[in-house]
Structure formats: structure tokens, C-alpha cells
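Next come the chains, spelled out residue by residue.
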Amino acid sequence: MAGLGFKVNRVKNVQVKAIQPSRQHGFSYWLIWLVSISGFLLLFYYGYCFGLWGRESLLLQYLFQCNCPPASEEARYPKSVDVIVPACRYARSILSPSGRLLYVMEQDTSTYLLDLEMGTKIAFAIPDGSNYFLTDDLVFHTLYGTDGSVLDPNTGKQYPIKRFIELRPDAYVNGELLNLNIPADELGKAKDVFLIDDDNIIALVPGFDKYPERNFNIRRGDFPGPEANRAEQFLQQYGIAYQKVFQNSVPRFPNEVISPDGKYVARGDGIYSIETGQRIVGRISSSRDWAVRGWTYDGSAVIYSHFQNPCVIRSNFGFFDSTLCFLKVPQPVIKLKVPEEYLLSQKTP
């Protein structure tokens, strides 16, 4: 019996020794599988973040764009593109007429002036409403059609702008501007006249900051007639010099904007040579929603943004009158640069 017990114990020992390597092999297999999957996911994530693949996919943008390292955003665009305002912080912006300043409103309500020449940010806040750069140093503000004011970003001062009917009620009959000679005479005395969105004439007199009570505006609705551009027709009829102003330095959704030197034209899909008609720097991405905001101060680049963020899913589900947007994808403000060889050729006599 003793011998039999010895044999049984020996068999048990052999069985234990046979089982242990099998467990170790299984553990190693799952560890390798887990490391491989983790490595693949990291490679997929960083590959997207740094522009190796998926650059054009709205779904991947929606999933990863705001979760990628901030420094990686510019890597997802061609070398000809600089990201001016990151997509996940951007809300709205206004470009100054010269293309030197960009007023930026971010998602967290931060606001500032971005100097595109110096690359610096200047703390500045414009009240909610409709806002327009008249010059780089003056911003016209109105609360959706009410009396406006002019803001000076350099000093922070604000100067009220009166309605013309308050300044010269004798030009009106029953609230309608009928004696056009009177506003023509007053506009002739102004130092600067601006036509905003074909809808609002702003007149600043000499020393406008010292005599703010003399500044005024005339709304398009004050002029008789049904024409949408009757305010501009009036200015042209009386030979009054004026500057056209749009909220984004150029008309909303412009088809094209010519460079300051007249050699190039910016369109939604890139920058073209006016002389040859050839595109010198290509499309930013396959999206057709990029809109030209204007040329930079030195004519070396064009500012682009999306006026409406693209959607991953857009549908009316078969019963809505209009399509609905689901899963909006934020987009940045970018600068598309004229190729260096073209800039050098301009400097070479």
C-alpha cells in the first residue's frame, strides 16, 4: 500500500507540473493581444492627430479633433496653412479692413484682438450686437438697428452716433427723409463717410471724438423708394465719397477677393494668379464650405473660416420641411499662404 501511495502522489505531481506552463502561455497570449490592441489604438489616434490619415473624415474630426494635443492641429493641414484660431475654441471673428487685426470671440466667452502682423493678442471686448470695423482703430457698434456708437480699441472710449432725424428733423416729413439736399450737404462736411452692408450710412465729422454730437447715421429705410441699394444710389447721385464696410471685411460668402497688389484672387478652393488664371496654391481641404474672409495686411496670405460648421449627419428624416444638422464639427480660422516663390518674384526687380 505504501508503494501504491507513492505512485499516486507522483502522478499528481506530474499533473500539476503539466498544468502550470499552460496557464503561463494563456496569460502571455492575452497580454500580447492587449498590448497589440492598445498600440494599434494609440497609433490610430496619434496618426489622425498628426495628419497621417483621416484628415478629410468628418466623423474622425468629430470624435478626435477636440481630444488631440493642441500642437497637432496645424499638422493636419498642408504646409501652406497656418491655424490662426483653434477649431475647438473658435466661436466668431471680425477681420479689420486692412487685414492686420482679427477680433476673436472664443467658446469660453474670451475676446481679444489678434494682431496678425505682430502675432500678439490685445484684450478687448465689444458689446453684443452688430459690430463692424470702420478702420483698424474704430469699430461701429449697434444693438440690432438701434442708435449706435463708435469704439476706439486703443483707448477703450466710446462715442455715440445720433440718428440723422435727431440732428436735422427739418429734412423729414412724417418721419420720411424727403429733402435729400440737406443730408447731402451735411455728408459733404464729414471727414469720413462709411456705407455699412448697403444699409447704414455713418458720417464722422472732423474731430469726431471732440464733437461726438455732430456725428450721425442714416438708415436705408429713411430714403424713399423700394430699391435695396437706395442708400448707395443716393451717395453716388450726390457725388459723396464713401467707403463700403462689411462685417467680415468682405461681403458675406464672397466668391472671390482680389489681393491688395491686384495680382492674385482668393476663392473658396485656393489662390489664383490673375495674369495666368492658374491656381498657385490648392484647396485647403475637400470641404466646399470654406469662405474667404479677406487678405492679410501685406498681401502674403488669405484668412479663411467656415460661416457654418459642417455636419456629420444631415437629414430631414422624410417628414421635416428642412434638413436638420446632427453632430456639428467645429472648424478653425486658418491662413492660406501665397507660395514663397511667388512672394520672392514680386520682390525681384
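Every chain begins its residue count from 1, and numbering advances along the sequence as written. It should be noted that, the model being predicted, local features are given only for residues of pLDDT at least 70 and side-chain atom pairs only at 80 or more, the latter also being counted only at that level, while totals for whole chains, interfaces and linings use all residues. Heavy atoms from the whole structure form the basis of all side-chain values; hydrogens and water molecules are not counted.

I would appreciate a short explanation of the pairing of strand 8 (residues 148-151) in the present structure.
Side chains on a regular strand alternate between the two faces of the sheet. Along strand 8, one buried face is formed by G148 and V150 and the opposite face, lined by S149 and L151, is buried too. Bridge count for strand 7 (residues 138-142) against strand 8 is four bridges, and the pairing is antiparallel. Opposite H141, over in strand 8, you have S149 as the bridge partner. Hairpin remark: strand 8 followed by strand 9 (residues 158-163), antiparallel, with six residues in the connecting loop; positive phi at G156, about 80°. Relative accessibility under 20% of the residue-type maximum defines a buried residue, over 50% an exposed one, and the middle range a partly exposed one, all with a 1.4 Å probe and only protein chains included. Helix and strand assignments come from DSSP, with helices taken as H or I runs of at least 4 residues and strands as E runs of at least 2, each series counted from the N terminus. At least two DSSP bridges between two strands are needed for those strands to be called paired.

So what exactly am I meant to see when it comes to the nonpolar core here?
Nonpolar side chains tend to gather and get buried jointly when the protein is soluble and globular. Grouped together as the largest cluster of nonpolar side chains are 20 residues, with contacts concentrated most on L187, I201, I218, F223, F234 and L235. As used here, the term nonpolar core means buried Ala, Val, Leu, Ile, Met, Phe, Trp, Tyr and Cys residues forming a set that is joined through side-chain atoms within 4.5 Å. Counting 18 residues, the second largest nonpolar core, distinct from the first, contains Y77, V257, V338 and L343.

Is there a simple way to explain a nonpolar patch on the surface in this structure?
Nonpolar side chains collect at one region of the surface, where L59, Y62, L63, I313, F317, F319, L324, F326 and L327 lie side by side and expose about 810 Å² of accessible area between them. Residue assignment for the nonpolar patch shows that the elements contributing at least two residues are helix 2 (58-64) and strand 23 (324-328). For L59, the location among the structural elements is in helix 2. The patches reported here contain residues having more than 30% relative accessible area and no salt bridge. Joining distances are 9 Å for like charges and 5 Å for nonpolar side chains (Val, Leu, Ile, Met, Phe, Trp, Tyr). Note on areas: Shrake-Rupley with a 1.4 Å probe; residue coverage comes only from the protein chains shown. Take a side-chain nitrogen of Lys or Arg and a carboxyl oxygen of Asp or Glu: if they are within 4 Å of each other, that pair is a salt bridge.

I would appreciate a short explanation of the sheet that holds strand 5 (residues 120-123) in the present structure.
Strand pairing in a sheet takes place through backbone hydrogen bonds and is either antiparallel or parallel in direction. Spatially, four strands are ordered 2-3-4-5 in an open sheet, and the strand pairing comes out antiparallel. Either end of the sheet is taken by a strand with one partner, and the two such strands are strand 2 (90-95) and strand 5. Taking the axes of each pair of neighbouring strands and ignoring which way they run, one obtains an average angle of 30° across the sheet. Pairing geometry for strand 4 (residues 111-115) and strand 5, over four bridges, is antiparallel. Opposite L114, over in strand 5, you have K121 as the bridge partner. Simply put, an axis is a line fit to the C-alpha atoms, just over the touching stretch for a helix, and the angle between two N-to-C directions goes from 0 to 180 degrees.

Looking at this structure, I do not really get the sheet that holds strand 9. What am I missing?
The eight strands are arranged 6-7-8-9-14-13-12-15 in an open sheet whose pairing can be described as mixed. Edge positions in the sheet fall to strand 6 (130-135) and strand 15 (243-245), since each has one partner strand and no second. Recorded for the sheet is a direction-independent mean angle of 30° between the axes of neighbouring strands. This element, helix 4 (residues 181-189), spans strand 12 (192-196), strand 13 (200-204) and strand 14 (216-219) of the sheet and lies at about 140° to strand 14. By definition in these notes, contact holds between two residues if any of their heavy atoms fall within 4.5 Å. Together, strand 12, strand 13 and strand 15 form the strand contacts of helix 5 (residues 230-237), whose direction differs from that of strand 12 by roughly 150°.

I would appreciate a short explanation of the confidence of the model for the protein chain in the present structure.
Caution applies to low-pLDDT regions: their predicted coordinates should not be interpreted in detail. pLDDT measures how confident the predictor is about each residue, on a scale from 0 to 100. Looking at the protein chain as a whole, the pLDDT averages 84, with 86% of positions reaching at least 70. In the model, residues 1-19 has pLDDT below 50 throughout and makes zero contacts with residues more than four positions away in sequence or in other chains.

It is not clear to me how the environment of G262 should be interpreted in this structure. Could you clarify?
Among the secondary structure elements, G262 is positioned in the loop between strand 16 (256-258) and strand 17 (264-267). Overall, the relative accessible area of 36% leaves G262 in the partly exposed class. Each C-alpha atom of the pair G262 and I274 lies 7.8 Å from the other, and the pair is 12 residues apart in sequence.

Looking at this structure, how should I read the state of the cysteines?
Disulfide: a covalent bond connecting the sulfur atoms of a pair of cysteines. Disulfides are defined in this document as cysteine sulfur pairs within 2.5 Å. Taken as a whole and judged by the stated rule, the model has three disulfides. With a sulfur-sulfur separation of 2.0 Å, C49 is cross-linked through a disulfide to C68. Measuring handedness by torsion sign, the sulfur bridge of C49 and C68 sits at about -80° and is left-handed. Here C49, found in helix 1 (residues 2-49), pairs with C68, found in the loop between helix 2 and strand 1 (81-85); they are 19 residues apart in sequence, far enough to count as distant. Across this residue pair, the class does not change: C49 and C68 are buried. Note that C66 is cross-linked by a disulfide to C88, the S-S spacing being 1.9 Å. Between C66 and C88, the S-S torsion sits near -95°, and that sign places the bridge as left-handed. Note that C66 is positioned in the loop between helix 2 and strand 1 and C88 in the loop between strand 1 and strand 2, a separation of 22 residues in sequence.

Looking at this structure, I do not really get the packing of aromatic side chains. What am I missing?
The geometry of two aromatic rings is summed up by the distance between their centres and the angle between their planes. Centres within 6.5 Å make a pair out of two Phe, Tyr or Trp rings, where for Trp the six-membered ring is used; the pair is then stacked when the planes are under 30 degrees apart, edge-to-face when over 60, and tilted otherwise. Counting across every chain of the model gives 13 aromatic pairs. Each ring, one from Y45 and one from Y46, has its centre 4.8 Å from the other, and the planes form 75°; the classification is edge-to-face. Looking at Y46, the relative accessible area reads 42%, which means it is partly exposed. It is R214 that lies over the ring of Y211; its NZ or CZ is 4.3 Å from the centre. Distance and angle both matter: a charge sits over a ring if NZ of Lys or CZ of Arg is within 6 Å of the ring centre and within 35 degrees of the ring normal.

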